[in-house]
Amino acid sequence: MSHKKQTLGEFIIENQSSFKYSSGELSSLINSIRLAAKVVNHEVNKAGLVDIIGAAGDMNVQGEDQQKLDVYANEKFIQTLTNRNIVCGIASEEEDDFISINSQDENHQNKYIVLIDPLDGSSNIDVNVSVGTIFSIYRRVTPVGTPVTLEDFLQKGSEQVAAGYVVYGTSTMLVYTTGDGVNGFTLNPAIGSFYLSHPDMQFPENGTIYSVNEGNYIHFPQGIKNYIKYCQEEENDRPYTSRYIGSLVSDFHRNMIKGGVYLYPQSSKNPNGKLRLLYECNPMAFLAEQANGKASDGFVRTMDVEPTELHQRVPFICGSKNMVKKAEEFMRNA
Ligand SMILES: O=P(O)(O)OC[C@H]1O[C@](O)(COP(=O)(O)O)[C@@H](O)[C@@H]1O
Ligand SMILES: [Mg+2]
Ligand SMILES: [Mg+2]
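Each value, and the rule that gives it
Residues numbered from 1 in each chain as written. Chains lettered and ligands numbered in written order. Predicted model: local features only at pLDDT ≥ 70, side-chain atom pairs only at ≥ 80, totals over all residues. Heavy atoms only, no water. Axes fitted to C-alpha atoms, helices over the stretch in contact; angles between N-to-C directions. Helix = DSSP H or I, 4+ residues; strand = E, 2+ residues; numbered from the N terminus. Parallel < 35°, antiparallel > 145°, perpendicular 65-115°, else oblique. Left-handed = near helix turned anticlockwise from the far one by under 90°. Contact = heavy atoms within 4.5 Å. Donors = N, O, S within 2.8 Å, 3.2 Å for Na, K, Ca; no water. Buried < 20%, exposed > 50% of the residue type's maximum accessible area, 1.4 Å probe, protein only. UniProt positions renumbered as here; feature names shortened; annotations may be inferred. Polar contact = N/O pair within 3.5 Å; in protein donor to acceptor, adjacent residues only side chain to side chain.

How do you make sense of the packing of helix α2 (residues 25-45) against helix α3 (residues 68-83) when you look at a structure like this?
Where α2 contacts α3, the two axes come as close as 9 Å, and the packing angle between them is 150°. Overall, the two elements α2 and α3 adopt an arrangement that is roughly antiparallel. For the pair α2 and α3, the sense of crossing is right-handed. Counted together, Leu29, Ser32, Ile33, Leu35, Ala36, Ala37, Val39, Val40, Glu43 and Val44 of α2 and Leu69, Tyr72, Ala73, Lys76, Phe77, Thr80 and Leu81 of α3 form the full contact between these two elements.

Right, dumping it as structure tokens:
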């Protein structure tokens, strides 16, 4: 008889005490994200049938055309977190500025802030390729009951108390960490519950997959060009396989399961790379390290980067430990 899988709700309760600040507040917060993810998943699954694909007509603070699903997912996560009165501040890739939630109300004792990439992999929405949501959670640093400030959001990644992503793919999964390993839960759409399907996820230390947009090759720094050439050489377990979905969440998820490295380096087109430190790189770096992987900008550990702006971009190399180390070696020696 197959072993009954634990639901996400049961797992959260059972593991609450292993969380150093355990007060139930973080559990409710993860449960709120689970709820919003199900609502967004419902819409993603019928993209094409309903008027949810295509551009929304506005440009976001990143200078990107917002997709309708970007806007929808952004609204659903902000609404759910606000209505459930579970956070004191939210920052989103789709919002110009951070949002302060009731934090003026001195009775408002909420301590957590959330940073979110509501829809990751936007360029894949219209073509039925997997997309995701990324979230990062911190405890506020300013006093409870006072308005949150930018300082609460510009914390180093190493201060995160939890992080995770949802991947809306062949199945829908929620993968997260609270600093005690990484666990993955698969949604059973018939029941509407997430079940523990991937306990204690680990990056293999070595892998044979590299994920990079080679269309930007000529614009890459010499170190990255040399690493890509190294991946393609006929030697030992190389050439590696090139796999690039164009959704960070999906490329990361595959590489965590199979062993691989994802690179979005700086280039002459994007001097600081493309990915956002606060919404994309820090949460994925926290997950990677909790799963025995590694993440850096080629030189500095991602979670040691001191944030200076809400929407700052950084170069990002993330995945199997020895593959990231090799890429860093090529960057240093270039
Ligand atoms: O098309 P490019 O330049 O290779 O960029 C793809 C990367 O950009 C992203 O789509 C950026 O994320 P958003 O879709 O949230 O803006 C990543 O998911 C992906 O890895
Ligand atoms: Mg993204
Ligand atoms: Mg996005």
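Is there a simple way to explain the coordination of the magnesium ion (ligand 3) in this structure?
Note on metal geometry: ideal angles are 109.5 degrees for four donors arranged tetrahedrally and 90 or 180 degrees for six donors arranged octahedrally. Those protein atoms acting as donors to the magnesium ion (ligand 3) are Glu93 (OE), Asp117 (OD) and Leu119 (O), and they sit at 2.2 Å. Mapped onto the sequence, the donors of the magnesium ion (ligand 3) take the spacing E-x23-D-x1-L. A distance of 3.7 Å spans the gap from the magnesium ion (ligand 3) to the magnesium ion (ligand 2), which aspartate 117 bridges by coordinating each metal. The two residues aspartate 117 and leucine 119 agree in class, both being buried.

Help me understand the UniProt feature "binding site: substrate" (unreviewed entry) in the protein chain, please; the structure alone is not making it clear to me.
Per the UniProt record, "binding site: substrate" (unreviewed entry) is found at Asp120, Gly121, Ser122, Ser123, Asn213, Tyr244, Tyr262, Leu263, Tyr264 and Lys274. Following the sequence through the fold, serine 122 ends up in the loop between β5 (112-120) and β6 (131-139). What makes serine 122 partly exposed here is its relative accessible area of 22%. Setting aside residues up to four positions removed in sequence, serine 122 forms contacts with Gln67 and Asp70. A polar contact of 3.4 Å, which involves the side chain of serine 122, links it to the backbone oxygen of leucine 119.

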